[in-house]
Amino acid sequence: MRRISAVLLVLLLVSFMSAAGFASDRPLIAFSQVAMNHPWRIAMTNDIVYWAEVLGVDLIWNEAEADAAIQLTKVRDLLLQEPDALIMSPFQATALDPVKEMCDEAGIPLVTIDRSIDSEPGTGMYISFIGKDNTKLARELGEFVANYLYETYGEYKGNIVEIQEAVGSSATIERYNGFREALEQYPDIQIIATQSGHGYRVEGTKVMENYLERFPAGTIDIVYTHSDEMGLGALQAIKAAGRTELIGRLVTVDGQRAAIETVVNGEHLAVSDYAPHFGEAAIKAILAYLAGEEVEPVQMLDSNLYHMTTDEGANFTRNYYNRMLAEDLFY
Amino acid sequence: MNTHFVRIGVMITFLALVCSLGLASEEPQVLTPLTDFGELGTEDLATNYYGLVVDWTRRLPLNNNLQLEVVYLDPRLVLASEVMAGTVSEETLADFVAEQAAAYAVGTPFIIKLSHDSNTERLNLADWKITLKNDRGEEYILTDYQGSVPQLKTSYSRGNFYQVDYNASFPTAGYQFLDSAANWMKLVFDNGRNVYEVTWDFQPQVAVQESEIFQTTMKILITVLTAGLALALLLTRPKASILNEWNQANK
């Protein structure tokens, strides 16, 4: 009996030591992605997976099928695995706001990327929001369009049709408002139609087909889409309809390789960069927080405007496009 | 009346063909290595670095998911990278050119990148015999190279993978390997079981010129035939008096 007890004790000790030996010292970070049905989202996830490896953290992640209720459930699943921190790219600001409370209760730091939630970053366990300033980039794009129309017609005038991102998202609201802020000082530049294309290429094509039917040749000067995918869809519709006067009159946001290529070859007028590269900043913020350092509650990453209308712009855009080819980058 | 239409039609066709002969075709993209260092000037300080990387990079999948990427370090590319790093400017360009001329006279440099999705053990360049060849039958085997530690990379088409970058230089018996007469060069990778080649072709212009000669010849031929046909129609058209006689005879 004593021998059996000794053997059991040894086994217990060995298993305990093994468990201790195998336990990872690396922090475990959970990531909640909105969906994986869009190149921008796939590139965002790839970026986070890459930086997790580079910065030495373990990563678990899931996706929410572009549904706020599903994302809440999926976040709960991730939190049950007791990660050291949660990164969330929320589908909608209000619907996903309860995640802040869930993190507060669990004592798990939360970082949101791309889009924010209603709660104030820097309060409770909501340590940081990392994004790009959608309002600013949309305003810059609006100013660029106004100047382009002035260069083209000798006065600030023109008609713009707009295709919006997903209804209700913070990105949509900010890209909508920022663009208008830039144009409000030019009363003869009108946004004559606006409609949601939900961020997808096929929807962008459909909305543009509708615009082309409603507005005959010569009545649209600029097509503004909130994302490259919709811009590329709109370009398809324009080509299919033979509306060549609109080739080179599209402006979009995101900066994927296919869209930058259309800028280089003259099919798009400009693309404002909103590349989904948040992984490095998000994971570094979490590591800093776990190390007891202070973290900026709001971090806005830089963005660029790609166009070919000036020598400087053309060199910059061509160089960036070549870099994408050389390094096989999607964004 | 019909003859009139034929004549106008032939004239339009003839004019269109003559105009098409005069149209300048687009400048073909030709890969041209810099072989005369005297050509390097201040305008090269503004060259697009990544554009040159794209031009001089060759990619090839090897066996067992190993990927190969080779960049020939053309002197213009080296200059562009130095300009990006801020180590060469207009003031130091002459010194840089002299250094490069001396360096390329004894060695031909490449960056060889080996990558694999997961297995860093397979990224060893020593597993390969690598030979530099050109169209004059010259061959050099690589012995001088230095590699980095395996680095995690990410790309659009491959996701995450590990890569080792090797700075490689083929010692070329005291002269510049590429000169203005070079038609192509290639690197041959041989691991004893498989042989792979990557080639830089410097002669696409020849093919384009040949193609243009063929097109021009065809256009001239068509023009001559059309003009001949028109002339034949005009010469053989029935005279009005003969037609009248024929009509009267048939009445």
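Residues numbered from 1 in each chain as written. Chains lettered and ligands numbered in written order. Predicted model: local features only at pLDDT ≥ 70, side-chain atom pairs only at ≥ 80, totals over all residues. Heavy atoms only, no water.

### Some points on the sheet that holds strand β9 (residues 184–190) of chain B
Residues and elements named next belong to chain B. Taking strand neighbours across the sheet as the criterion, the four strands line up as β5-β4-β9-β10 in an open arrangement whose pairing is antiparallel. Strands with a single pairing partner mark the edges of an open sheet, and in this sheet they are β5 (139–141) and β10 (195–201). Across the sheet, the mean angle from the axis of one strand to that of its neighbour is 20 degrees, orientation sign disregarded. In this structure, strand β4 (residues 129–134) lies alongside β5, joined through three bridges in antiparallel fashion. Bridged to Lys133 within β5 is Glu139. (Pairing = 2+ DSSP bridges. Helix = DSSP H or I, 4+ residues; strand = E, 2+ residues; numbered from the N terminus. Axes fitted to C-alpha atoms, helices over the stretch in contact; angles between N-to-C directions.)

### A few points about the domain arrangement of chain A
Residue and element names in this part refer to chain A. Split by domain assignment, chain A resolves into domain 1 (8–131 + 277–300) and domain 2 (134–273 + 305–327). Between the C-alpha centres of domain 1 and domain 2 there is a distance of 34 Å. Between domain 1 and domain 2, roughly 760 Å² of surface is buried when both sides are summed, and carbon and sulfur atoms account for 49% of that area. Together, His38, Trp40 and Arg115 form the three largest contributors to the area buried by domain 1 at its contact with domain 2, with a combined 51%. (Domains from an automatic or database assignment. Buried area = accessible area lost by both parts, 1.4 Å probe.)

### A few points about helix α5 (residues 134–153) of chain A
All names here are of chain A. The end-to-end C-alpha separation of α5 is 28 Å, in line with the 28 Å expected for 20 residues at 1.5 Å each. For α5, the set of buried residues is Asn134, Thr135, Leu137, Ala138, Leu141, Gly142, Phe144, Val145, Ala146, Tyr148 and Leu149. For α5, the side-chain oxygen to backbone nitrogen distance between the N-cap and Thr135 is 3.2 Å, and the N-cap itself is Asp133. The first or second residue beyond α5 is Gly154, which carries a positive phi of 80 degrees. (Expected span 1.5 Å × (residues − 1). Buried < 20%, exposed > 50% of the residue type's maximum accessible area, 1.4 Å probe, protein only. Polar contact = N/O pair within 3.5 Å; in protein donor to acceptor, adjacent residues only side chain to side chain.)

### Looking at the nonpolar core
If you look at the biggest cluster of nonpolar residues, it comprises 51 residues, and the most contacted ones within it are B:Phe110, B:Ile112, B:Leu187, B:Phe189 and B:Trp200. Sequence-distant contacts of B:Leu187, defined by excluding residues within four places in its chain, comprise B:Val70, B:Phe110, B:Ile130, B:Thr131, B:Leu132, B:Phe170, B:Tyr196, B:Glu197, B:Val198 and B:Trp200. In terms of nonpolar packing, the next biggest core, distinct from the first, is built from 48 residues, A:Ile48, A:Val111, A:Leu137 and A:Val295 among them. (Core = buried A, V, L, I, M, F, W, Y, C linked by side-chain atoms within 4.5 Å. Contact = heavy atoms within 4.5 Å.)

### Regarding the interface of chain B and chain A
One frequent convention defines the size of an interface as the accessible area lost when the parts assemble. In this complex, chain B contributes 17 residues to the contact, which on the side of chain A involves 17 residues. Between chain B and chain A, roughly 1,400 Å² of surface is buried when both sides are summed, and carbon and sulfur atoms account for 56% of that area. Of all residues in chain B, the largest losses of buried area upon contact with chain A belong to B:Tyr50, B:Leu152 and B:Tyr156, amounting jointly to 41% of the total for that side. Counting the contacts that link chain B with chain A gives zero salt bridges. Among the elements that make up the side of chain B that touches chain A, the one with the highest residue count is helix α2 (residues 49–56) of chain B (five residues). (Salt bridge = Lys/Arg side-chain N within 4 Å of Asp/Glu carboxyl O.)

### Points about a nonpolar patch on the surface
Residue and element names in this part refer to chain B. Side chains of Met218, Leu221, Ile222 and Leu225 sit close together on the surface and give an oily, nonpolar patch of about 370 Å² of accessible area. Mapped onto the secondary structure, Met218 falls in helix α5 (residues 204–236). With a relative accessible area of 34%, Met218 lands in the partly exposed category. (Patch = residues over 30% accessible without salt bridge, like charges linked within 9 Å, V, L, I, M, F, W, Y side chains within 5 Å. Areas by Shrake-Rupley, 256 points an atom, 1.4 Å probe, with all protein chains shown as cover.)

### Some words on the sheet that holds strand β9 (residues 250–254) of chain A
Residue and element names in this part refer to chain A. The strand order across the open sheet formed by six strands is β7-β6-β8-β9-β10-β12, and the pairing between neighbours is mixed. Edge positions in the sheet fall to β7 (189–196) and β12 (305–307), since each of these pairs with one other strand and no more. If you compare each strand with its neighbour and ignore which way they point, the axes differ by 20 degrees on average. Pairing of strand β6 (residues 158–164) with β7 involves seven bridges; the strand directions are parallel. If you follow Asn159 over to β7, its bridge partner there is Gln190. Each of β10 (268–273) and β12 touches helix α9 (residues 257–264); the most contacted strand, β10, lies at about 140 degrees to it.

### Focus on the pairing of strand β2 (residues 67–72) of chain B
Residue and element names in this part refer to chain B. When you tally the buried positions in β2, you get five out of six residues, the bulk of the element. As paired strands, strand β1 (residues 57–61) and β2 are joined by five bridges and run antiparallel to one another. Counted as the bridge partner of Arg59 is Glu69 from β2. Where β1 folds back onto β2 in an antiparallel hairpin, the turn is made up of five residues, including Asn64, whose phi is positive at roughly 50 degrees.

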